[in-house]
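Coordinates in review
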Amino acid sequence: MPELSYREAVRDALSQAMRTDEDVFIMGEDIAEMGGSMGVTQGMLDEFGPERVRNTPISEMAIVGSGIGAAMQGMRPVVEVMYEDFLTISMEQIVNQAAKHRYMSGGQLKVPLTIRTQGGAGWSPGAQHAQQVEAWFVGVPGLKVVFASTPGDVRGLLWSAIYDDNPVVFFEHRTLYGLKEELPEEIEPIPIGQARLHREGEDVTVVATGRLVHEALAAAEEAERQGVSVEVIDPRTLQPLDEDAIATSVKKTNRCVVAHEAVTRMGFGAEVAAVVQHQAFDWLDAPVERVGAKFAPLPFAPVMEEYVVPHAKDVLEAIQRTVQRGA
Amino acid sequence: MAKVEQRRGVSEEALREFFREMLLIRRFEEKVEERFRAGELPGFLHVAIGQEAVAVGVCRALADGDVIASTHRAHGHTLAKGTHPNELMAELYGKVEGCSHGYGGSMHLYDVERGNLGANAVVGGGLPAIVGAALAFKFRGEPRVAVAFFGDGATNIGTFHESLNLAQLWQVPAVFVCEDNHWAESTPESQHSPIRDLSKRAEAFGMKSMKVDGQDVEEVNKVAARALKHARDGKGPVFLLCETQRLVGHYIGDPQVYRDKDELHRLQETADPIELLREKLGLSDGEYETLDREVQELVDASVDFAKAGTDPKPEDALKNVYA
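Residues numbered from 1 in each chain as written. Chains lettered and ligands numbered in written order. Predicted model: local features only at pLDDT ≥ 70, side-chain atom pairs only at ≥ 80, totals over all residues.

The secondary structure content of chain B amounts to twelve helices and eight strands. Relative to its length of 323 residues, chain B is compact, with a C-alpha radius of gyration of 19 Å against a globular reference of 20 Å. Along the first, second and third principal axes, the C-alpha atoms of chain B reach 50 × 50 × 40 Å. Taking all 323 residues of chain B together, 55% fall into the buried category. (Helix = DSSP H or I, 4+ residues; strand = E, 2+ residues; numbered from the N terminus. Rg over C-alpha atoms; globule rule 2.2 N^0.38 Å. Buried ≥ 20, exposed ≤ 12 C-beta atoms within 10 Å, placed from the backbone.)

Rendered as structure tokens:
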């Protein structure tokens, strides 16, 4: 089995879809000759040509909006918004247009558009190039939201996103692009709405997304050495959310930690905590602990950035807090 | 500056059809206003009285397969694009039989089968999708054109500039129809745009622009046909500036405190596109009254149809969120 990086896995999903389907094309800033600012689309211009690998102006409203128009005509565009921060510029098109055309038309239209974007701290770009804004989209009816954390997941989920008949906001994490995994050549689509159980455990459930999945797995290893057995779940799809997988796990472990890189306040973990308290209230032995960024924009100085965003030790501390509550 | 396009003939028969259609829109809008004031219509309504010639002139130049995106002032475009008054009125009453099945309302009128990709309540919101639709036509080598309607107010928003830039850059078959009625809600053009000739904005992107008297349906139709042919022939998008007049308020109930009443009356007397065409056609009172009666009956029937329509079940609100 070939080993693919997370970056190559994204490229592989795009390329295989474009090889098999003329309706799939990609557009975005610097994606052609340059191969994308993260190198995801490298080599694709050579294979597919400039009509299907379209460099765009720096023009996020038109990038997303023209993707919407092409999608409404039955194509399956995948547009790239270079940084999550720039989703703010295309917010109107995503929230008012992509998400609502089907609804406002009473079901006459479909918008099979995939909006790929990436972000994440850990390289000191400062406040406008690394935010994690996935939670903003989870509350918009009509959108699906995906955040994959491994090469296999990103490939299988991107395939499903492309072939979903709804607009999907597809989050990638910058620091994961180099992560490698052996994968079969043939893509195995991963259904949207299905969580992944990364690690089984008995004492605490950690529900983590993006980079924090890996931080949570590291924390679980350390907790294991301290005699605490940790289960780690990655929802992978934030909307729709696999509530059953989360509730089932918490009913087994009786404790829950939610972890993501975005700020804790109004973060995706707040929704998970609400789901857990409602569906597993009688099983909980401790308050749901939340791990996320401190409430500040991302700072530039590496020591400050390191301080603001969460790491494995923060997840471990949260795990320890829940087990210290006693039964 | 784009030169004002010269007149070429449209058959009298066609003009008479245009007249009937414009009169239908007018009577429809008057009925909407009446029913809104009677408390029968929910929501927020904007009528297109005064701008009928743009809707009819442009839509009657479209070919089968062409698509449009409309604005908050959408009733005229929707009727002109072929939606039956019954379906439109039923939508305004929030009925299942409505053209958006009760999910859209006045500002979100859709009729996809007839090429209406939706009215948009966000000024400028529909323009980028028209570029994308046109891109899809180009990809597939289909001889279709995508048309965006919008007002002068929309030429100040980012989507306008991004859409025109991208359309011209990629030479997609799109026509951007600017209905310049000189008002962005209550704000006059002099307060919202530093230039008087909005076609300069399109020309700045290198886009072909055409200008037309939007109160003259014959002119609009003729120039729109040329714009559409240009786009359809693969020569790139066109900006079509239609000088028009909003002869009523921004919304139903707008007291228009911001507007000079004498000037408004003058426009109502001199710039009514229906009166102008009636004169041009030399319609006798008898002919006019016959046509008027016909369209009035259609409009009345649409109200009956709508009132007899089916209310959606409240829980239907949870359908159509996802495909």
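We are not done yet, so read on.
The next subject is the overall build of chain A. Looking only at helices and strands, one finds twelve helices and 14 strands in chain A. Scaling as 2.2 N^0.38, a compact globule of 327 residues should have a C-alpha radius of gyration of about 20 Å, and chain A matches this with 20 Å. Long-range contacts, defined as pairs at least 24 residues apart, comprise 79% of the intrachain contacts of chain A with a sequence gap of at least 6. (Contact = placed C-beta atoms within 7 Å.)

Before going further, it helps to spend a moment on the environment of valine 81 of chain A. Residue and element names in this part refer to chain A. By the secondary structure assignment, valine 81 is in strand β4 (residues 76-81). The spacing of valine 81 and methionine 27 is 54 residues in sequence and 9.1 Å in space, taken between C-alpha atoms. Sequence-distant contacts of valine 81, defined by excluding residues within four places in its chain, comprise Gly28, Glu60, Ile63, Phe86, Leu87, Ser90, Ile115 and Thr117.

Further remarks concern the domain arrangement of chain A. Residues and elements named next belong to chain A. Under the domain assignment, chain A is made up of domain 1 (3-182) and domain 2 (196-321). When each unit is reduced to the centre of its C-alpha atoms, the spacing between domain 1 and domain 2 is 26 Å. Contact with domain 1, which involves 24 residues of that partner, is made by 25 residues of domain 2. Elements that contribute at least two residues to the side of domain 1 that touches domain 2 include exactly α6 (134-138), β6 (144-147) and α7 (151-162). In terms of residues, the side of domain 1 that touches domain 2 owes the most to one element, β6, which gives four residues. Residues belonging to the side of domain 1 that touches domain 2 are distributed by class as follows: 13 nonpolar, eight polar and three charged. (Domains from an automatic or database assignment. Nonpolar A, V, L, I, M, F, W, Y, C, P; charged D, E, K, R; others polar.)

Attention now goes to the interface of chain A and chain B. Each side of the interface is counted separately: chain A has 31 residues, and chain B has 32 residues. Put simply, the parts of the chain that give the side of chain A that touches chain B at least two residues each are α3 (60-72), α4 (87-98) and α5 (101-104) of chain A. The dominant element in the side of chain A that touches chain B, judged by the number of residues it contributes, is α3 of chain A, at nine residues. Taken together, the residues of the side of chain A that touches chain B break down into eleven nonpolar, 16 polar and four charged.

Another aspect to go through is the sheet that holds strand β9 (residues 196-199) of chain A. Residue and element names in this part refer to chain A. One open sheet accounts for five strands, arranged β9-β11-β10-β13-β14; its pairing is mixed. In this open sheet, the two strands that pair with only one neighbour each are β9 and β14 (289-293). Each adjacent strand pair in this sheet contributes to an overall mean axis angle of 25°, direction not counted. Pairing geometry for strand β10 (residues 204-208) and strand β13 (residues 256-263), over four bridges, is parallel. If you follow alanine 208 over to β13, its bridge partner there is alanine 259. Seen against the sheet, helix α12 (residues 312-324) touches β10, β11 (230-234), β13 and β14 and runs at an angle of roughly 165° to β14. (Pairing = 2+ DSSP bridges. Axes fitted to C-alpha atoms, helices over the stretch in contact; angles between N-to-C directions.)

With that settled, consider unusual backbone geometry. Here the residue pair glutamine 239 of chain A and proline 240 of chain A is connected by a cis peptide bond, since its omega of -5° sits within 30 degrees of zero. The backbone of aspartate 30 of chain A shows a phi angle near 60°, a positive value even though the residue is not glycine. Positive phi is not limited to glycine here, since asparagine 320 of chain B has a value of about 65°. You can see asparagine 320 of chain B is positioned in the segment after α12 (285-307).

Another point: the nonpolar core. Counting residues in hydrophobic clusters, the biggest one holds 199 residues, and the most contacted among them are Val206 and Ile319 of chain A together with Ala174 and Leu240 of chain B. Taken together, domain 1 (3-182) and domain 2 (196-321) of chain A each give at least three residues to this core, which thus spans both. Leucine 240 of chain B has contacts with Val175, Phe176, Val177, Cys178, Met210, Val212, Val223, Ala224 and Ala227 of chain B, leaving out every residue within four places of it along the chain. (Core = buried A, V, L, I, M, F, W, Y, C linked by C-beta atoms within 7 Å.)

Moving on: the sheet that holds strand β1 (residues 67-70) of chain B. Residue and element names in this part refer to chain B. Taken in spatial order, the six strands make up an open sheet running β2-β1-β3-β4-β8-β7, and their pairing is parallel. Two strands lie at the open edges of the sheet, namely β2 (116-119) and β7 (208-213), each paired on one side alone. Averaged over all pairs of adjacent strands, the angle between their axes in this sheet comes to 15°, without regard to strand direction. Taken together, the six bridges between strand β3 (residues 146-151) and strand β4 (residues 174-180) define a ladder with parallel strand orientation. Note on β4: the bridge partner recorded for alanine 146 is alanine 174. Relative to β3, helix α5 (residues 127-139) is tilted by about 165°, and along the sheet it contacts β1, β2, β3 and β4.

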